[in-house]
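Coordinate inspection notes
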There are 2 protein chains.
Amino acid sequence: MSLYLHDIPLDKAKAALKSALEDADLWRVLATENIPLDENALGRVLAEPIWAKNSSPHYHASAMDGFAVRAKDTAGATLTAPLTLQIGEEAQYVDTGDPLPDGFNAVIMIEETEALDVDGEITSAIREPKSIRIRAAVAPWKHVRPLGEDIVATQLVLPAGHILRPVDLGAIAASGHIEIPVSRKPRVAILPTGTELVEIGSELKRGDILEYNSLVLAAQIKKWGGEATRFPITIDNFDLIAERVVEASQNHDLILLNAGSSAGAEDFSAGVVEKLGKLLVHGVAVRPGHPVIIGMINNKPIIGMPGYPVSAALTGEIFVEPMIAKWTGRTPIELATVKVELTRKTTSPAGDDDYIRMAVGRVGERMLAAPLNRGAGVISSLVRADGLAIMPRGIQGAEAGDSVDIHLYRSPAELERTIFCIGSHDMTLDLIAQYLSQRGRRLVSSNVGSLGGLVALKRGEAHLAGSHLLDPETGIYNDSYIAKYLAGTSVRQVMLVKREQGLLIPRANPKKLRELADVTRSGIHFVNRQRGAGTRVLLDYHLNLLGIAPEQVLGYNNEEFTHLGVAAAVASGRADCGLGIAAAAQALDLDFLPLFQERYELIIPEIYFESPLLAPLFEIIEREDFRKTVANMPGYSFGEEK
Amino acid sequence: MSLYLHDIPLDKAKAALKSALEDADLWRVLATENIPLDENALGRVLAEPIWAKNSSPHYHASAMDGFAVRAKDTAGATLTAPLTLQIGEEAQYVDTGDPLPDGFNAVIMIEETEALDVDGEITSAIREPKSIRIRAAVAPWKHVRPLGEDIVATQLVLPAGHILRPVDLGAIAASGHIEIPVSRKPRVAILPTGTELVEIGSELKRGDILEYNSLVLAAQIKKWGGEATRFPITIDNFDLIAERVVEASQNHDLILLNAGSSAGAEDFSAGVVEKLGKLLVHGVAVRPGHPVIIGMINNKPIIGMPGYPVSAALTGEIFVEPMIAKWTGRTPIELATVKVELTRKTTSPAGDDDYIRMAVGRVGERMLAAPLNRGAGVISSLVRADGLAIMPRGIQGAEAGDSVDIHLYRSPAELERTIFCIGSHDMTLDLIAQYLSQRGRRLVSSNVGSLGGLVALKRGEAHLAGSHLLDPETGIYNDSYIAKYLAGTSVRQVMLVKREQGLLIPRANPKKLRELADVTRSGIHFVNRQRGAGTRVLLDYHLNLLGIAPEQVLGYNNEEFTHLGVAAAVASGRADCGLGIAAAAQALDLDFLPLFQERYELIIPEIYFESPLLAPLFEIIEREDFRKTVANMPGYSFGEEK
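Nothing here was measured: the structure is a model prediction, and the numbers come from that model. (Residues numbered from 1 in each chain as written. Chains lettered and ligands numbered in written order. Predicted model: local features only at pLDDT ≥ 70, side-chain atom pairs only at ≥ 80, totals over all residues.)

Considerations on the overall build of chain A
Rule in force here: Put simply, DSSP H or I for four residues or longer makes a helix, DSSP E for two residues or longer makes a strand, and each gets a number counted from the N terminus. For the radius of gyration, the atoms used are the C-alpha atoms, and the globule rule reads 2.2 Å times the number of residues raised to 0.38. We call two residues in contact whenever the C-beta atoms placed from their backbones are within 7 Å.
A tally of regular secondary structure across chain A gives 17 helices and 37 strands. A compact globule built from 642 residues would reach a C-alpha radius of gyration of about 26 Å, whereas chain A, at 35 Å, exceeds it by more than 25%. Seen through its C-alpha atoms, chain A measures out along the principal axes to roughly 120 × 70 × 45 Å. Intrachain contacts of chain A at a sequence separation of at least 6 include 75% that bridge at least 24 residues.

A word on the packing of helix α9 (residues 427–437) of chain B against helix α16 (residues 615–622) of chain B
Residue and element names in this part refer to chain B. What counts, and what does not: Note on geometry: axes are C-alpha line fits, over the in-contact stretch for helices, and angles between N-to-C directions span 0 to 180 degrees. Any angle between 65 and 115 degrees counts as roughly perpendicular, while under 35 counts as roughly parallel, over 145 as roughly antiparallel, and the rest as oblique. Crossing chirality is assigned from the near helix's rotation relative to the far helix, an anticlockwise turn below a right angle marking it left-handed and a clockwise turn marking it right-handed. Polar here means any residue other than Ala, Val, Leu, Ile, Met, Phe, Trp, Tyr, Cys and Pro, which are nonpolar, and Asp, Glu, Lys and Arg, which are charged; Gly is therefore polar.
Two elements in contact, α9 and α16, have axes separated by 10 Å at closest approach and are oriented at 120 degrees. The angle between α9 and α16 places the two elements in the oblique class. Both α9 and α16 take part in a crossing whose hand is right-handed. Here Ile432, Tyr435 and Leu436 of α9 come into contact with α16, specifically with Pro616, Leu617 and Ile620. For the contact of α9 with α16, the residue count by class is six nonpolar, no polar and no charged.

Some points on the domain arrangement of chain A
Under the convention used in this document: Domains are outlined according to an automatic or database domain assignment.
In terms of domains, chain A is made up of domain 1 (10–28 + 185–328), domain 2 (32–55 + 151–183), domain 3 (61–145), domain 4 (337–416) and domain 5 (449–637). Domain 2 of chain A and domain 5 of chain A are separated by 61 Å when their C-alpha centres are compared.

What to know about the relation of the copies chain A and chain B
Put simply, the rule is: All copies are superposed by least squares; the fitting set is the C-alpha atoms of residues with a pLDDT of at least 70 in both.
With an RMSD of 0.1 Å, the operation that places chain A on chain B is a rotation of 180 degrees combined with a shift of 0.0 Å along the axis. Taken together, the rotation and translation relating the two chain copies correspond to the operation of a two-fold axis. Rotation axis and chain A: the residue whose C-alpha lies nearest the axis is Ser411 of chain A, separated from it by 4.9 Å. Comparing interface residues between copies, 100% of those in chain A also sit at the interface in chain B, which points to an isologous, same-surface contact.

Comments concerning the sheet that holds strand β17 (residues 254–258) of chain A
Residue and element names in this part refer to chain A. In plain terms, the rule: For two strands to be treated as a pair, DSSP must find no fewer than two bridges joining them.
If you trace the six strands from one edge of the open sheet to the other, you get β16-β13-β17-β21-β20-β18, paired in mixed fashion. Edge positions in the sheet fall to β16 (227–230) and β18 (278–282), since each of these pairs with one other strand and no more. Strand-to-strand, the axes of this sheet are offset by a mean angle of 20 degrees, without reference to chain direction. Pairing analysis gives four bridges linking strand β13 (residues 187–192) to β16, with the strands arranged parallel. Within the sheet, the bridge partner assigned to Val188 lies in β16 and is Ala228. Set on the sheet, helix α6 (residues 309–328) makes contact with β17 and β21 (300–305); between it and β21 the angle comes to about 165 degrees.

Focus on the sheet that holds strand β9 (residues 131–134) of chain B
Residues and elements named next belong to chain B. The sheet built from three strands is open, its strands ordered β5-β9-β8 with antiparallel pairing. Every other strand in the sheet has two partners, leaving β5 (83–86) and β8 (113–116) as the edge strands with one partner each. Shown here is a sheet whose adjacent strand axes are inclined to one another by a mean of 30 degrees, direction ignored. Inspection of the sheet shows β8 paired to β9 by four bridges, in the antiparallel sense.

In structure tokens:
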């Protein structure tokens, strides 16, 4: 039970790591290696400055095809009073790139000369005349690339710590080098541990946890300029883990010991570090990421990474990236920041540095940020994150409307072409996202339910909202809700798709359910959605039409919060059926008994309807191939309501 | 002589290429390949969208170590009225990550329970009690990670065209995939041609041109997501070039035929393209880059790249990058833009799209851009460039003070830590740049001479200026010039270094020169610097002290514009000596006869003197190791003037 866990502030933890590395003489570039000057040098970091060995050009070179002359010999030449220069003595033919003959200091373009033969007559042998006639004077060094114009021998071409780009390789070649002194790539061992872990590709049983942290960490290491070795999974066994750590420490510069996500698992890590070396830090006041361990073994740093994927990835960014930067000699990665307005209140523990994943984009004049799922196990929140808000220790959160700094994962240009869609989520939005991404737009959709979407539109926090709000009085979708919640805002309702709702039932329909009224049959256990969910409104509407009272439905008060929760209840046998969409049935391999069609509309404020930002959206939803794909999805159509 | 050259506008050339690719059904992702899900997938582009195969978590999972319960069984429990739940029936122990037993819907953290033994007494077997006592109710789904919390089976995980990052690999794994469908890397053949070309590492003779365009192009291709094959140099021979092109077209998607920089050389390229296939474009109204050739051979695109390195690299950015983007399915690279104020007037040809390399940085409140060397052969201008100003066709330039858009090669954060140094250049500035780069600063130095530097300070266009302006009246450096040119601006003069000026002479000093007066000896040819150069002022001052008239110096009017020009004149035997700095002698392997020491000072406006931006500069110039390195450079010292 985290016997040693004792959170220390993030800055103290960073300082402890730095100081341990300094003591071990490891707070520096690890080593220099000379690599060939070829395209594989791209992205490597210069370990030493590049000083020019030679000048470029290494001689005064003609910049044109023409005749080398002495500028003073051309003085006085005009259109009406041409001068004639003798080839050899006063002029010599040069191609572009040719050395300027000694004593000459300018070039006249061949187009600006008249070639003359031995008799002084114009000749067609324009490159081998006996003399040339010129009709303008030239200034010294005209059309000449002087020695060292590009690079002067002995000058600094590139400083140490520079990350090599394509043009840099050209400049290094031009300055006379054939090899490049770069920092050696740090070697990082990644050791996943945990008895519950299974390798990617395994058949998953309940309780199995896919081990992909080592994959994410290895890719981070590669991206930051290191080389990762992924070790196989080690079960929670002290001796086995210790053995692996010792093995890894032989030929790696850093060991990342990744504990399972079980709260007790990092005890093995801490124990192993304490036994084999020195445990410096056990627990850091950072969220997500608390159970970070830092230690030194055999003069090598070892970091115990938390098991939850978001925690592991952010711990990599916070602790590992700066270390690799120092070891390779480059500047640590510094994300660009942008000031944005928060759409929702967020709270942070006062004692922690809190890293909050954010969706960011412009809606009208405002740059907005919405906090994403805070769960440390939700890797998709990092995939979706446009940036991080960092709430420092001592700050307990921020209010909706507050201005906060976001450290951006994406370029500002990408944010400008982001379409914010808030409201009820639907599979077709995923498909639209895919089409939009081919058209230079990014669809960021946030699932807060239909009503939440209308409220977001009212607040000016989205470009559009997906909505399927049935009015139980009228049986008409959305209209009355828009009138109520978006009064005074001019909006368009775009019918996107008809979506089937039906009963999610076990494969082969063992209880022989045929219609909604069957849920009142004796012994049929129903599972419901929470109050306020669109699907629950739909159920109540149809029960009412059938004259069925909620009390007649066994399990009416048995609530789940998502379509998938309903599906899971049916899949596990806790319920015989529930109302939901076909996709949820498909996701958990259930059967689906279609009952009703509902209208799924996009609600779009007039001001965005005509905007260039949204234009590709309307092109997509009219496309034949898009409509065909949607119609082929289970439970979707564009036809009339049943 | 560019017989076919007929410039067309850039947009027309791009359209011609696109249309030819469309006709050949090549304006699309070339092919999809499935690669293993490992860290080597980093940076690859998804050729197909990733739809989730399974949900994550794939079961309702406990998020804590504790006891799974039914929320309704806990209703009513308070601090003073605890409830007891029987293990098995009402509560079951779960570790973090364990599946929630069927029928349970919440978890109580172990810390919030009291473990009881068979007699109802508190026991230390906290994980295996007979019952637990709780003192608070829990809400449904508390401390539970519901099925699909992260990823729901069938949802879109990532769209096609997405460039894979470390966290994406985790999400792909979590969604049940073991392979990734990515676009095949386009294969690009790079064929350098030109009789004057020599391979990197060759001993350079006058007239040789180092072939490094293929290196830069190959690195560009690699960076953009392709695979390059660098062919050996082909001499200017039509049949040999044609043979190579045919060979390359067999197993590559694109051929880059790089002509030498000679103006006639691209005729071979155009002729080869015309003979083997279809010549679509010969000449594009873009600067630099005019002689671009576009054609199709064997249903493969071929681009004739200009020979000058800047033209070749920019032609890559303009024509090749968007093609590779299309072929791999990603969005073309879009550089961030920033509005800046131009420090100098620039002119552009009205008929061309003009790409101007710019140094960009903040000085005080203003974001400034200074045009860099415009020469197409000056690769170092691309290395130094912070961005590009693109002057479209029809625009003839911009005035100093105009606001222009810069397409940035660097992040805005880098620009904010840039120190602008304008004025006389000195080797020690290179060394300072190297030290600064280790301290999070970037020194951008621009060589406009000492006086130009003072004028730039006056205009507020630099943070500091290097200056060695001798007053011929007083023999004192800088003071009188500062008084005159920076009247009203409070500046500090920081003595940086003493620099020796002396005679650059051939090795072994064949003419036995010993002192400045020797330049008047019969038969000694001198080479001078241009009027206004600091070195010329120094010469005149000392000639005057010695009572020597310019007429007594043979070659006094023989002017060169740089230290290196003087060195080159001596090295080639055109002159016996010239006045210059030791580094110039060293660069061309000459001897150096030290004569005078001059003060090289940094002139720094008071407002920047105390700024955090410049703080590291003063730390550096006081450092022992810095001063030692400078003192070891030929001709430098910190001592008193001679």
